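A look at the structure
In case you want the letters, here they are:
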Amino acid sequence: MSGIIDAPDVLERFHAELALVEIIAAQIARSVGRAIEFDDLVGTGREGLLDAARRFDPTRGVPFRAYANFRVRGAILDGLRQLSALPRRAYERIAALEATALVSEGEAERAFARGAATEPSAADRALAEHLSAIALAAAVEMATEDRGEASDEDDNPEDSLARAELIHFVRGALDELSNVEAEVVSRHYFDGERLEDIARDLDMSKSWASRVQTRAVNRLAKRLRSLA
Amino acid sequence: MVHGKLQAVASTAESKTTAAPSALFDRLTRGDLDVDGYLDARVDEAVAPLAGKLPAERIAWLRQMLRDQLLSDPVLSERVRQATGGDPRST
């Protein structure tokens, strides 16, 4: 950690949510399913938590605990991505977890906005739509992930065909999105560009790009549900 | 299996309406379904359109991952809290 002396409120936020780091690290380790050094995940997660504590903006309406959850999760997944010699299956799962966090983060301000979707049946509809969006985003990331070492777990021809069908659906449905939505989806999910780089290129904030991405995925998921 | 029936009911409900309470939500509020059953069915419904578009083993992993996320993802757990009145969060 750097020699920065943090303000008391930063340190207070950090210490208040320190337990979150091990919980998230354990969940990610369980989901990825590999023998990963847990202490390394926790260390990376704590760096993410400190970063969150420093950057937190309460005016956005998202509680610190939620904001920190995304930052810790992102830090741990970034750290995992740097590991070499993981099998392809592990990279797929990391990509799916990243997509989940990305779609959720783009929805966070709406979910925590005062009075928004707090009526239970409206929240039920919002939950259904959000789950569909996450499922689609995670599936697309899994279908397009090509990092990692091949193994006997890799696809047979039928599995490859299934992935190709999903990619074909998403590419075909891009026409139904706005130009900026289509560009964000195409560049992130098919070209593998980081959202912050796309945002900078399009002269928008990362949080705005995150909302654009989530809105686009929601629309694609709705389209997919209509075909099912 | 109850989950299969719920999936069929949910699919029917979704295709008939976008504004009325869903069939799953109705079952939850009537007490015909507990929160765990409701969440399992919501995940099944989210994953169903991906059948045939992703290998079966990936879909099984995705289902389990989403189920875990309902408890740990801040937005999902907030939506669950708003819909069910409970607090499923472990984080």
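Fair warning: this is a prediction, and the values are worked out from it, not measured in the lab.

Let us look at the overall build of chain B. The helix and strand inventory of chain B stands at 5 helices and 0 strands. Tracing chain B from N to C terminus, the helices and strands come up as α-α-α-α-α. Residue burial in chain B is summarised as follows: out of 91 residues, 52% are buried. In chain B, once contacts between residues fewer than 6 apart in sequence are set aside, the share between residues at least 24 apart is 35%.

With respect to the helices and strands, the residue Ser104(A) is situated in helix 5 (residues 88-112). In contact with Ser104(A), not counting residues within four places along its chain, are Phe70(A), His130(A), Ile134(A), Asp73(B) and Val75(B).

Moving on: the side chain of Glu92(A). In this fold, Glu92(A) is placed in helix 5. Apart from residues lying up to four places away in sequence, Glu92(A) is in contact with Met142(A), Glu145(A), Arg163(A) and Arg58(B).

Quick look at the packing of helix 1 (residues 8-16) of chain A against helix 3 (residues 38-55) of chain A now. All names here are of chain A. At a minimum axis separation of 8 Å, helix 1 and helix 3 run at an interaxial angle of 140°. Relative to helix 3, the element helix 1 is oriented oblique. In this structure, the crossing between helix 1 and helix 3 has a hand that is right-handed. Each of Val10, Arg13 and Phe14 in helix 1 lies in contact with helix 3, whose residues at this interface are Arg46, Leu49, Leu50, Ala53 and Arg54.

This paragraph deals with the interface of chain B and chain A. Taken residue by residue, the interface counts 39 residues in chain B and 53 residues in chain A. Summed over both sides, the interface of chain B with chain A buries roughly 4,000 Å², with 65% coming from carbon and sulfur. Three residues, Arg58(B), Trp61(B) and Arg79(B), lead the burial of chain B against chain A; their summed loss comes to 19% of the area buried on that side. The interface formed by chain B and chain A holds 6 salt bridges in total.

So, about helix 5 of chain A. A turn of α-helix holds 3.6 residues, and therefore any two residues three or four places apart point the same way. Residues and elements named next belong to chain A. Compared with the 36 Å implied by 1.5 Å per residue over 25 residues, the 36 Å span of helix 5 between its first and last C-alpha is a close match. A maximum bend of about 40° is found in helix 5 at glycine 106. Within helix 5, 21 of the 25 residues are buried, which leaves it mostly tucked inside the rest of the structure.

What follows concerns the pattern of salt bridges. For side chains of opposite charge, pairing can occur when their charged atoms come near one another. Scanning all chains against the criterion turns up 35 salt bridges over all chains. For Glu22(A), the salt bridge identified is with Arg46(A), shortest N-O distance 4.0 Å. Placement of Glu22(A) in helix 2 (residues 18-32) and of Arg46(A) in helix 3 is noted, with a sequence separation of 24 residues between them. Here Arg89(A) ties to Glu57(B) by a salt bridge, and the two come within 2.7 Å at their closest N and O atoms. Note that Arg89(A) is positioned in helix 5 and Glu57(B) in helix 4 (residues 56-72), a pairing that runs across two chains. Note on Arg89(A): relative accessible area 9%, which makes it buried. Note on Glu57(B): relative accessible area 35%, which makes it partly exposed. Taken together, the shared-partner salt bridges in this structure form one network comprising Arg89(A), Glu92(A), Arg93(A), Arg163(A), Glu57(B) and Arg58(B).

The rules behind the values
- Residues numbered from 1 in each chain as written.
- Chains lettered and ligands numbered in written order.
- Predicted model: local features only at pLDDT ≥ 70, side-chain atom pairs only at ≥ 80, totals over all residues.
- Heavy atoms only, no water.
- Helix = DSSP H or I, 4+ residues; strand = E, 2+ residues; numbered from the N terminus.
- Buried < 20%, exposed > 50% of the residue type's maximum accessible area, 1.4 Å probe, protein only.
- Contact = heavy atoms within 4.5 Å.
- Axes fitted to C-alpha atoms, helices over the stretch in contact; angles between N-to-C directions.
- Parallel < 35°, antiparallel > 145°, perpendicular 65-115°, else oblique.
- Left-handed = near helix turned anticlockwise from the far one by under 90°.
- Buried area = accessible area lost by both parts, 1.4 Å probe.
- Salt bridge = Lys/Arg side-chain N within 4 Å of Asp/Glu carboxyl O.
- Expected span 1.5 Å × (residues − 1).
- Bend = angle between axes of the 7 residues up to and from the residue.

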